[in-house]
There are 2 protein chains.
Amino acid sequence: MVSSKAFTMTGGDVAYSYTKNSTIQRDVVDAGKELLKEAILKKFDLESLGFDTQSSVVVKIADLGCSVGPNTFFVMENIIEAVELKFLQAKNQNLSALEFQAFFNDHYENDFNILFKTLPPSRNYFAAGVPGSFHGRLFPKSSIHFAHMSYALHFLSKVPKEVVDINKSNVLNSSDKEVVEAYSTQFKNDMECFLNARAEELVPGGLMFILAGAVPDGISVSDTMSGVYNDVMGSCLKDLVKMGVLGEEKVNSFNVPIYPATVTELEAIFRTNGNFSIEKMEKFAQPMKTPLTPEGYALAVRAGSDGLIRNHFGDEFVEQIFNHFTTKIEPNFSKILEITRNNLNLCILLKRI
Amino acid sequence: MVSSKAFTMTGGDVAYSYTKNSTIQRDVVDAGKELLKEAILKKFDLESLGFDTQSSVVVKIADLGCSVGPNTFFVMENIIEAVELKFLQAKNQNLSALEFQAFFNDHYENDFNILFKTLPPSRNYFAAGVPGSFHGRLFPKSSIHFAHMSYALHFLSKVPKEVVDINKSNVLNSSDKEVVEAYSTQFKNDMECFLNARAEELVPGGLMFILAGAVPDGISVSDTMSGVYNDVMGSCLKDLVKMGVLGEEKVNSFNVPIYPATVTELEAIFRTNGNFSIEKMEKFAQPMKTPLTPEGYALAVRAGSDGLIRNHFGDEFVEQIFNHFTTKIEPNFSKILEITRNNLNLCILLKRI
């Protein structure tokens, strides 16, 4: 069974590291900046958060699924800048007494050593790393004022048991209803765990700001970024079986713990949970400042899935798999570009009731 | 200039890693357990810490200079066990609502990846790693209830400038008054920074529990564990210069950022700072359950100073230096054993006024 704990971005200083290949994600940070600012200025209510009566305050912020830097540092700076502005507007606040504590969360396998060593030296917050899955509890109760999550909501805690039992690779891509149902159920269960944990940890009135990809209603899974990855990687792995490089059994047991949910599904999950009010749930355009090239796509995919491939197939096959994967991009690139353009980006703002 | 940031315990899975060579330090944990329990039961005042009126509470604990596990995990368990007992004795507390947040602090160079991966899976606290020097601020103001530090007080933030200028290795060992004075002044300045930072971070009534080695009055620096290390390592490095392995200049510029303070010095520093009441400052016997052997001493020294040596002399000389160091232990072992027996262990309990 492939647990999503292996789905950690690539740390270290290698060419395909997340640190060096996160320009697409940097575009997301930039696109999110104004949305973040608006969310905080409109909805971060100092009074209901208990900040109005105190002479000195500590605002606690968490970035869930932060990976390594630098994007999580840009995000933290954007949040703090907006919260400071909010305090400034409140006038009765003593800005010099304001302090920030930033919690950087990701899986145990995340490269926290690199994260810590690349922390901006002149930062205006106290930094802490928190290892663990965001599908479970990470922080004490009522201890977080603002939680942030960027494109991590689609990670499942594991490949659904039913799919593992079927033992046929990239099955999500198929039209097998049972498989899609198993993925969908796993996602609902994981989201329930995620929301219940955050409900404990956020102070009443605390905000959760989520940027996420979502599937427009009526679009099939195979026409999503996740579907394209499954298609191209699946075809690549099947080639390598034919070439005698990989065993069929090994390829069949490879599944990706990702579920691209629809907008309707997400909204239903938030409403059913009931611990949060949906303050905002809007599509937003993500300007691709960096034009996507086949090479850029190859590096981004490797930065994102090197750990998953390495964990399942072993160190000795990683280079060959990604080299062959790269040759499969060119013939599929027009479809990749098209789907990128159709990609639906959601900005979700939840408030702890 | 050698900054003490390099003086991080050895992480990873190597034979001389701190994880595998910390049995001496484990003895310290065991010896400290009863002292910790007594300190918490007698002096951790729930009412003045604001815990008596709340329906749910989060107790925040920091281990400063924690290195990698497992000793810091044993310490955390010991602290939590005693705090739970204290809450149990208070009767009016709702124990089921009690939560703990544990902050593991050490230098940026500490192996936090190993620390996180070896966290006890069934722990009853929320864990966070906090990178940075304890000579500066690490946490928001009034955010820590209990700070712990085990044998880390003697680390200086850097080798004093005056000593670097003299450029003569292991000079603390000499009877040069100017040098001893420079080390002593550096220690006083570092301790002032340390105490002022903790005064900001501890809640009023919060405790700081420190286990530290100290020099009995009337004992010269060369008769301390630190002195013996300087002696033996100094002699080892000089041999390697004669053998043409190391350059004289390189050896001369090697200094250890450690200062073994006397009890009188320490007490004066605490009183001068004025932010803490000295609740306890007592010698304690540290039973050496694990008899010290030359091999054990060699491994413990390497676990503790591999980073310092590696940083100064470079990866390519580390093996040769420690191999030669090991040959120098046998002829000095009776002196090492004698000084170990004379070692003065202090248990210090400070309360934030």
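Just above, that's the structure.
Description of the structure in this document. (Residues numbered from 1 in each chain as written. Chains lettered and ligands numbered in written order. Predicted model: local features only at pLDDT ≥ 70, side-chain atom pairs only at ≥ 80, totals over all residues. Heavy atoms only, no water.)

1. Re the overall build of chain A
The helix and strand tally for chain A stands at ten helices and seven strands. Looking at chain A residue by residue over its 353 residues, the buried ones come to 57%. Within chain A, residue pairs in contact and separated by at least 24 positions form 84% of the contacts whose partners lie at least 6 positions apart. Just so you have it, chain A exposes about 14400 Å², and 52% of that area is on carbon and sulfur atoms. (Helix = DSSP H or I, 4+ residues; strand = E, 2+ residues; numbered from the N terminus. Buried < 20%, exposed > 50% of the residue type's maximum accessible area, 1.4 Å probe, protein only. Contact = heavy atoms within 4.5 Å. Areas by Shrake-Rupley, 256 points an atom, 1.4 Å probe, with all protein chains shown as cover.)

2. Focus on the packing of helix H6 (residues 225-242) of chain A against helix H9 (residues 294-313) of chain A
All names here are of chain A. One way to put it is that H6 packs onto H9 with a least axis distance of 13 Å and a crossing angle of 60°. For the element pair H6 / H9, the angle class is oblique. Crossing handedness for the pair H6 and H9: right-handed. For the pair H6 and H9, the contacting residues are Met-225, Val-228, Tyr-229, Met-233 and Leu-237 in the first and Tyr-297, Val-301, Ser-305, Ile-309 and Phe-313 in the second. Classifying every residue of the contact of H6 with H9 gives nine nonpolar, one polar and no charged. (Axes fitted to C-alpha atoms, helices over the stretch in contact; angles between N-to-C directions. Parallel < 35°, antiparallel > 145°, perpendicular 65-115°, else oblique. Left-handed = near helix turned anticlockwise from the far one by under 90°. Nonpolar A, V, L, I, M, F, W, Y, C, P; charged D, E, K, R; others polar.)

3. Side note on the pairing of strand E4 (residues 144-150) of chain A
Regular strands have side chains that alternate between both faces of the sheet. Residue and element names in this part refer to chain A. Of all seven residues making up E4, six are buried, and the element is well covered by its neighbours. As judged from the four bridges shared by strand E1 (residues 57-64) and E4, these two strands associate in the parallel manner. Within E4, the position partnered with Leu-64 by the bridge is Met-149. As defined by bridge partners, E4 adjoins strand E5 (residues 202-214) across six bridges and the pair is classed as parallel. Within E5, the residue paired with Ser-150 across the bridge is Leu-211. (Pairing = 2+ DSSP bridges.)

4. Quick notes on the interface of chain B and chain A
Contacts between the two partners involve 30 residues from chain B and, on the opposite side, 30 residues from chain A. Between chain B and chain A, a total of about 2400 Å² is buried, with carbon and sulfur atoms accounting for 57% of that surface. The three residues of chain B that bury the most area against chain A are B:Tyr108, B:Phe116 and B:Lys141, which together make up 25% of that side's buried surface. Applying the counting rule to chain B against chain A returns four salt bridges. As a salt-bridge pair, A:Arg137 and B:Glu99 come within 3.3 Å of each other at their nearest N and O atoms. Summed over the shared surface of chain B and chain A, the result is 14 residue pairs in polar contact (both at pLDDT 80 or more). Elements with a minimum of two residues in the side of chain B that touches chain A: strand E1 (57-64), strand E2 (98-106), helix H3 (112-117) and strand E3 (126-131) of chain B. Tallying contributions element by element places E3(B) first for the side of chain B that touches chain A, with six residues. (Buried area = accessible area lost by both parts, 1.4 Å probe. Salt bridge = Lys/Arg side-chain N within 4 Å of Asp/Glu carboxyl O. Polar contact = N/O pair within 3.5 Å; in protein donor to acceptor, adjacent residues only side chain to side chain.)

5. Notes on the pairing of strand E7 (residues 344-352) of chain B
All names here are of chain B. By the criterion of burial, E7 is predominantly enclosed, with nine of the nine residues buried. Side chains Leu-344, Leu-346, Ile-348, Leu-350 and Arg-352 of E7 all project onto a buried face; the interleaved residues Asn-345, Cys-347, Leu-349 and Lys-351 project onto the opposite face, where all are buried too. The sheet contact formed by strand E5 (residues 202-214) and E7 spans eight bridges and is antiparallel. The partner of Gly-213 across the bridge, within E7, is Asn-345.

6. Re the packing of helix H5 (residues 177-201) of chain A against helix H8 (residues 263-273) of chain A
Relative orientation and spacing of two packed helices are given, respectively, by the angle between their axes and the distance between those axes. Residue and element names in this part refer to chain A. Where H5 contacts H8, the axes come no closer than 10 Å and their chain directions differ by 45°. Comparing the axis directions of H5 and H8 gives the class oblique. For the pair H5 and H8, the crossing hand works out as right-handed. Every residue of H8 that contacts H5 at Ser-184, Phe-187, Lys-188, Met-191, Glu-192, Leu-195 and Asn-196 is listed here: Glu-265, Leu-266, Ile-269, Phe-270 and Asn-273. Here the residues of the contact of H5 with H8 sort into six nonpolar, three polar and three charged.

7. Re the pattern of salt bridges
On inspection of all chains with the given rule, the structure shows 38 salt bridges over all chains. A:Lys141 serves as the salt-bridge partner of B:Glu99, at 3.8 Å between the closest nitrogen and oxygen. Taken together, the positions of B:Glu99 in strand E2 and A:Lys141 in the loop between strand E3 (126-131) and E4 put the pair across two chains. Classification of B:Glu99 by relative accessible area gives buried; the value is 13%. Judged by its relative accessible area of 16%, A:Lys141 is buried. One salt bridge connects B:Arg310 with B:Asp315, and the closest N-O pair in it is separated by 3.2 Å.

Geometric descriptors of this kind do not, in isolation, establish any biological role.
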